[in-house]
Amino acid sequence: MKHMIKLVIMALSIAVAFSGLSSVARAEYPDKPVTLVVPYGPGGAADLAARIMSSTATASLGSNILVVNRTGASGVTGSAFVTKSKPDGYTLLMARVGSQAAVPALNPNIPYKWDDFTFLGLIELNPFALTVNAESRFKTYDDLIKAIKAGEKISYSSAGVGTLPHLGMVVFLDKLGLDQDALTHVPFKGGGAAATALTGNHVDVFFQNLSGVIGGIQGGKLRALALTTPERVASVPDVPTFAEVGEPEMEAILGWTGVWGPKNLPDEVVDKWVGVLETLSKDRAWLKLTKGLGSIPQVLKPKPTREFVKNQYETFKDTIERVGMTISN
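Residues numbered from 1 in each chain as written. Predicted model: local features only at pLDDT ≥ 70, side-chain atom pairs only at ≥ 80, totals over all residues. Heavy atoms only, no water.

Q: Sorry if this is basic, but what is going on with the overall build of the chain here?
A: Across its full length, the chain holds twelve helices and ten strands. Along the first, second and third principal axes, the C-alpha set of the chain runs to 105 × 45 × 35 Å. Looking at the chain as a whole, 50% of its 329 residues are labelled buried. Long-range contacts, defined as pairs at least 24 residues apart, comprise 78% of the intrachain contacts of the chain with a sequence gap of at least 6. Total accessible area on the chain is roughly 15000 Å²; 55% of this is exposed by carbon and sulfur atoms. Placing the 32 positive and 30 negative side-chain charges of the chain at their respective mean positions leaves the two points 9 Å apart. (Helix = DSSP H or I, 4+ residues; strand = E, 2+ residues; numbered from the N terminus. Buried < 20%, exposed > 50% of the residue type's maximum accessible area, 1.4 Å probe, protein only. Contact = heavy atoms within 4.5 Å. Areas by Shrake-Rupley, 256 points an atom, 1.4 Å probe, with all protein chains shown as cover. Lys, Arg positive; Asp, Glu negative; His and termini not counted. Charge placed at Lys NZ, Arg CZ, Asp CG, Glu CD.)

Listed below in structure tokens is the structure:
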């Protein structure tokens, strides 16, 4: 009898123990900080967007967001890291147009495809600004065009080969009917470094997200010659649009930021982030900070986000193939 009682007590103890383990295993996501990987360097548009989100989304997420910069290979290094991470929702990507659409279109040999992710949502659109140093001899858009067509030696920086600052200039030169070697391309490892090169007068031109250069423009160190928006932007009212300078097709060069995760994220994680981003879209602090950088708040759910990225990827792929820039090996 005593032996039976001991067995029953032991069985109950084991059951209680496993019950405790099950409750831990079913802990509501997230129960620890979430790492948000930025595939570009500090100071660029992706980094700024990540840090604004990390400071405004923690309340609705219910956990801290740790921003980590993993730079290299035009955003490929950080993006590939996320694709290989455990699909538990604790390692996510601050997705950008360059690393998630432009580079995959340019180079099919990188270690991921454009859709090798779980799309959690788009958060903003970024108009592009064709920018020069404030002390540049190019005072207007026409000044720059005349110099380019005259064959003057002019260089431009980018966040890396295949990023939108690079492909934007490819499209720009294509629209002007010029060869790609009409300007000298100087790639860097991120938008922040590329902007610094322009501020330091090491290059002549930088075509970048307005959010990545607006500080320099408002601070009097940089001058924007044209913007890829249908209408002028309130934060830089003196800058004309590309439509105003006669190149409305350049409005297609539009950056964006989104939140991606590794493939096969659990529905629980996806649903959580859909709710977080929906709350973010109504957050006054986030809206003010995002608009203050010249970005356009645009929160989309996973399905329309995927369709948006697919369309842009295919547009880049067609353009790249037409100008013969696809990397084949």
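This is not the end of the story, as more comes after the structure.
Q: Is there a simple way to explain the nonpolar core in this structure?
A: When a protein is soluble and globular, its nonpolar side chains tend to lie buried together. Core analysis: the biggest nonpolar cluster contains 54 residues, and Leu130, Tyr141, Phe172, Trp256 and Phe316 have the highest contact counts within it. Sorting elements by how many residues they give to this core places helix α7 (residues 164-175) first, with seven residues. Not counting chain neighbours up to four residues away, the residues in contact with Leu130 comprise Tyr141, Leu144, Met169, Phe172, Val205, Phe206, Phe207, Arg223, Ala224, Leu225, Ala226 and Phe242. Counting residues in each nonpolar core, the second largest holds 47 residues, with Ala197, Val274, Val276 and Leu293 among its members. (Core = buried A, V, L, I, M, F, W, Y, C linked by side-chain atoms within 4.5 Å.)

Q: I would appreciate a short explanation of helix α8 (residues 191-199) in the present structure.
A: One turn of the α-helix equals 3.6 residues, which is why residues spaced by three or four share an orientation. Residues of α8 that are buried: Gly191, Gly192, Ala194, Ala195, Ala197 and Leu198. Residues of α8 that are buried make contact with β4 (118-133), β5 (155-158), β7 (205-209), α9 (210-218) and β8 (222-227). Just beyond α8, the residue with positive phi is Asn201, at close to 65 degrees.

Q: Please explain the packing of helix α2 (residues 45-56) against helix α11 (residues 284-292) as it appears in this structure.
A: A pair of packed helices is characterised by two quantities: the angle between their axes and the separation of those axes. Between α2 and α11, whose axes approach to 9 Å, the crossing angle comes to 165 degrees. In this view, α2 runs roughly antiparallel relative to α11, as classed from their interaxial angle. Helix-helix and strand crossings are classified by hand; for α2 and α11 the assignment is right-handed. Contact with α2, carried on its side by Ile52, Met53 and Thr56, involves Ala285, Trp286, Leu289 and Thr290 of α11 and no other residues of that element. Residue composition of the contact of α2 with α11, grouped by class: five nonpolar, two polar and no charged. (Axes fitted to C-alpha atoms, helices over the stretch in contact; angles between N-to-C directions. Parallel < 35°, antiparallel > 145°, perpendicular 65-115°, else oblique. Left-handed = near helix turned anticlockwise from the far one by under 90°. Nonpolar A, V, L, I, M, F, W, Y, C, P; charged D, E, K, R; others polar.)

Q: How should the packing of aromatic side chains be read in this particular structure?
A: Each aromatic ring pair is summarised here by two numbers: the centre-to-centre distance and the angle between the ring planes. Throughout the structure, instances matching the rule amount to eleven aromatic pairs. Note on Phe119 and Trp260: the rings are 4.9 Å apart at their centroids and 65 degrees apart in plane angle, and the pair reads as edge-to-face. Here Phe119, found in strand β4, pairs with Trp260, found in strand β9 (residues 254-261); they are 141 residues apart in sequence, far enough to count as distant. Here Trp260 falls in the buried class, since its relative accessible area comes to 0%. Members of the aromatic cluster, connected to one another through ring pairs, are Trp114, Phe119, Trp256, Trp260, Phe308 and Tyr313. Positioned above the aromatic ring of Tyr90 is the side chain of Lys32, whose terminal nitrogen or guanidinium carbon lies 4.7 Å from the ring centre. (Phe/Tyr/Trp six-rings, centres within 6.5 Å; stacked < 30°, edge-to-face > 60°. Lys NZ or Arg CZ within 6 Å of the ring centre and 35° of its normal.)

Q: When you look at the pattern of salt bridges in this model, what are you seeing that I'm missing?
A: Close approach of charged atoms allows side chains of opposite charge to pair. Counted by the stated rule, this structure contains ten salt bridges. A salt bridge links Arg306 to Asp115; its shortest N-O distance comes to 3.4 Å. On the criterion of sequence distance, the pair formed by Arg306 in helix α12 (residues 302-322) and Asp115 in the loop between α5 (97-106) and β4 is long-range, its members being 191 residues apart. (Salt bridge = Lys/Arg side-chain N within 4 Å of Asp/Glu carboxyl O.)

Q: Got a minute to help me understand the confidence of the model for the chain in this structure?
A: Caution applies to low-pLDDT regions: their predicted coordinates should not be interpreted in detail. When pLDDT is averaged along the chain, the result is 90; 92% of the residues meet or exceed 70. Every residue in residues 1-25 scores below 50 in pLDDT, and together they form zero contacts with partners more than four places removed in sequence or on other chains. (pLDDT = per-residue confidence, 0-100.)

Q: Honestly, the environment of Asn264 in this entry has me stumped. Any pointers?
A: Inspection of the secondary structure assignment puts Asn264 in the loop between β9 and α10 (267-280). For the pair Asn264 and Val103, spaced 161 residues apart in sequence, the C-alpha to C-alpha distance is 23 Å. Apart from the residues within four sequence positions on either side, Asn264 is in contact with Pro87 and Thr118.

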